[in-house]
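Coordinates in review
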Amino acid sequence: INIKEKGEKMSKPKISIGALGGTICMSAGGKKGGVKPSFSADDLIAAVPVLKDMATIYAQTILALPSGSLKLSDIISVYKWAKEQIKNGAKGVVITQGTDTLEESSFFLNLIWDEEAPLVMTGAMRNADDISADGAGNIYASVITALDDKSRNRGVLVVLNDTIHSAKWVHKSNTFSLQTFISVNAGVQGMVVEGQARYITCAVKRKIYPLPNKPLPKIAIVQSYLDNDGSIIKLIGESKFEGMVIDGFGAGHVSFDMMDEIEKLKIPVIVSSKTGSGMCATKTYGYKGSEIDLQNNKCIMSGWLPAVKARLLLIILLANKISLKEIKNEFENF
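Report follows, based on the coordinates. (Residues numbered from 1 in each chain as written. Predicted model: local features only at pLDDT ≥ 70, side-chain atom pairs only at ≥ 80, totals over all residues. Heavy atoms only, no water.)

On to the environment of Ile219, then. With respect to the secondary-structure elements, Ile219 resides in strand E13 (residues 219-223). Taking the C-alpha atoms as reference, Ile219 lies 7.3 Å from Val245; in sequence the two are 26 residues apart. In contact with Ile219, other than residues within four places in its own chain, are Phe241, Glu242, Gly243, Met244, Val245, Arg311, Leu314, Ile315 and Leu318. (Helix = DSSP H or I, 4+ residues; strand = E, 2+ residues; numbered from the N terminus. Contact = heavy atoms within 4.5 Å.)

Overall, parallel pairing links the 4 strands, which are arranged E13-E14-E15-E16 in an open sheet. Edge positions in the sheet fall to E13 and strand E16 (300-301), since each of these pairs with one other strand and no more. Here strand E15 (residues 269-273) runs beside E16; their pairing, made up of 2 bridges, is parallel. Bridge assignment links Val271 to a residue of E16, and that residue is Met301. (Pairing = 2+ DSSP bridges.)

The next point concerns the pattern of salt bridges. A complete count under the given rule lists 10 salt bridges for this structure. Between Lys83 and Glu115 there is a salt bridge; the shortest N-O distance is 3.1 Å. Note that Lys83 is positioned in helix H4 (residues 72-87) and Glu115 in the loop between helix H5 (102-112) and strand E6 (119-122), a separation of 32 residues in sequence. Look at Lys83 and you get partly exposed, because its relative accessible area is 23%. Residue Glu115 is classed as partly exposed on the basis of its relative accessible area, which comes to 22%. Through salt bridges with shared partners, a single ionic network connects Lys83, Asp114 and Glu115. (Salt bridge = Lys/Arg side-chain N within 4 Å of Asp/Glu carboxyl O. Buried < 20%, exposed > 50% of the residue type's maximum accessible area, 1.4 Å probe, protein only.)

Attention shifts here to the packing of H5 against helix H10 (residues 307-319). Running from N to C, H5 and H10 cross one another at 35 degrees; their axes reach a closest spacing of 10 Å. Considering only the axes of H5 and H10, their crossing is right-handed. Residues Glu103, Glu104, Phe107, Phe108, Leu111 and Ile112 of H5 form the contact with H10, whose own contacting residues are Val308, Lys309, Arg311, Leu312, Leu313 and Ile316. Broken down by class, the residue content of the contact of H5 with H10 amounts to 8 nonpolar, no polar and 4 charged. (Axes fitted to C-alpha atoms, helices over the stretch in contact; angles between N-to-C directions. Left-handed = near helix turned anticlockwise from the far one by under 90°. Nonpolar A, V, L, I, M, F, W, Y, C, P; charged D, E, K, R; others polar.)

Before going further, it helps to examine unusual backbone geometry. We note that Asn161 has phi near 55 degrees; this positive angle belongs to a residue other than glycine. By the element assignment, Asn161 lies in the loop between strand E7 (156-160) and strand E8 (163-166). Phi at Lys298 is positive, roughly 70 degrees, even though this residue is not glycine. Residue placement: Lys298 occurs in the loop between helix H9 (291-296) and E16.

Moving on: helix H6 (residues 135-147). A turn of α-helix holds 3.6 residues, and therefore any two residues three or four places apart point the same way. For H6, which comprises 13 residues, the first-to-last C-alpha distance of 18 Å matches the rise-based estimate of 18 Å (1.5 Å per residue) to within 8%. For H6, the tally of buried residues reaches 10 of 13 residues, placing the bulk of the element in the interior. For H6, the full list of buried residues reads Gly135, Asn138, Ile139, Ala141, Ser142, Val143, Ile144, Thr145, Ala146 and Leu147. (Expected span 1.5 Å × (residues − 1).)

This brings us to the environment of Phe39. Tracing the backbone shows Phe39 in the loop between strand E3 (36-37) and helix H2 (41-46). Each C-alpha atom, one on Phe39 and one on Ser27, is 7.9 Å from the other, the two residues being 12 residues apart in sequence. Excluding residues within four positions of it along the chain, Phe39 makes contact with Cys25, Met26, Ser27, Leu44 and Ala128.

Our focus in this paragraph is the side chain of Lys309. Tracing the chain through its elements places Lys309 in helix H10. Lacking a salt bridge, the buried Lys309 has Glu103 as its closest oppositely charged neighbour, with an N-O distance of 4.4 Å. Reaching out from Lys309, the side chain makes a polar contact with the backbone oxygen of Val170 at a distance of 2.7 Å. Those residues in contact with Lys309 that lie beyond four places of it in its chain are Glu103, Phe107, Ala167, Lys168, Trp169 and Val170. (Lys, Arg positive; Asp, Glu negative; His and termini not counted. Polar contact = N/O pair within 3.5 Å; in protein donor to acceptor, adjacent residues only side chain to side chain.)

As far as function goes, none of this settles anything; it's purely spatial.
Here you go:
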């Protein structure tokens, strides 16, 4: 019996799970004052006992932070950790983190993840103290996804609420709903049904960029809003920021005052839309501050990307010393 059990254990695929913190690991521990990071990666795995029958699980607590306090340097460390896990025989890697920045960290990782094996990101909308907490179910669905051969060559996947998203399009759309994660401008990749990953769309086309070996450039985001006089743009232009994303009105527009300050900038400027979905215009409007005027002043339209994702792509491009002409081409074809 012991020999048989040992053989079964050795034959199981390996899945590595790294924990970064977030709601999925939070509890108040019976105290007042709100929930805080409380559980390790091992604690999270212990809450899903069926995992031991599915795979050989290696769990590690990498960080214990609310996701709003994660830095890009942390995400690069996660990338390196996940690469090491694949090198050491993991069939796939699952990362748990807070949902507040999940779409950003997964998108950034998707730009640089160069393994065939799946990197699956998940989290929770309900903490462990809540009735029907979703963390255990999301980890279970993520491991199912990471184990499935059809998950290979799909880049970074985000799995919550039994739904599989591509990191390219995933977006947190609601503050508390379990269905908060949606795939904006695109369909979902698939669903986890009856213990299996069921894919309904082809792998999302993506380009993999080299991981920069130098400090990442600072990129600011400035939102358009009623009566924005452009003073924030002026301050950023005079600071040490190396680029800017303007979260524009409508299809990618700014006010007259904002345009006056944008014209003076000597750093790359990407213009997105704050509407939340749809593609930026490129040749429809011709007034001052329109997309045509912005492009005539060397601004680049973000295409389908919202501001937070346009910022991350610009960071990667600038860090890899891509020219302004090439940056324009990358956004147009992303």
